[in-house]
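# Observations on chain architecture
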Amino acid sequence: MPANVDLEFLPPYSPELNPVERLWQDLKDTLGFDFYKCLADLRQETRTALSRYTNEAVASLTGYDYLLEAASVGL
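Every chain begins its residue count from 1, and numbering advances along the sequence as written. This being a predicted model, a pLDDT of at least 70 is required before a residue's local features are given, and a value of 80 or more before pairs of side-chain atoms are given or counted; all residues contribute to the totals for chains, interfaces and linings. Side-chain numbers here rest on the full set of heavy atoms in the structure, without hydrogens or water.

## Here's the deal with the overall build of the protein
Spelled out, the test is: A run of H or I in DSSP counts as a helix once it spans at least four residues, and a run of E counts as a strand once it spans at least two, with each numbered from the N terminus. As a reference, a globule follows 2.2 Å times the number of residues to the power 0.38, and the radius of gyration itself is taken over C-alpha atoms. Working definition: with a 1.4 Å probe on protein chains only, accessible area under 20% of the residue-type maximum means buried, over 50% means exposed, and in between means partly exposed.
When its secondary structure is counted, the protein shows four helices and zero strands. Across the protein, helices and strands are ordered from the amino to the carboxyl terminus as α-α-α-α. Against the globule reference of 11 Å for 75 residues, the protein gives a C-alpha radius of gyration of 17 Å, more extended than a compact globule. Overall, the C-alpha framework of the protein stretches about 50 × 30 × 20 Å when taken along its three principal axes. Residue burial in the protein is summarised as follows: out of 75 residues, 15% are buried.

So, in structure tokens, the structure goes:
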């Protein structure tokens with residue numbers, strides 16, 4: 001590990017620190033209660049579900065205000 005790099009370990013579940021957690025939870029809520037005959041069926045349904053997410057939907061799930069503000073500071 002380089003001397004100028006410090007590792008910060010996140011808690012096991014921390015959606016406010018890892019915004020994609022909310023997207024995965026939404027996807028699990030969509031797929032989690034269905035039964036699939038085989039893995040190929042689950043893969044296809046996952047592809048279908050992912051293709052339905054619009055940019056706006058992803059932004060609403062992952063766009064915490066404090067992250068958006070931090071990202072706009074450098075602009």
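## Some thoughts on the environment of Leu31
Stated formally: By the convention used here, residues are in contact when the closest approach between their heavy atoms is within 4.5 Å.
Residue position: Leu31 is located in helix 1 (residues 20-31). Residue Leu31 is classed as buried on the basis of its relative accessible area of 11%. For the pair Leu31 and Leu42, spaced eleven residues apart in sequence, the C-alpha separation works out to 8.3 Å. Each residue touching Leu31, except ones within four places of it in the same chain, is listed here: Tyr36, Glu45, Thr46 and Ala49.

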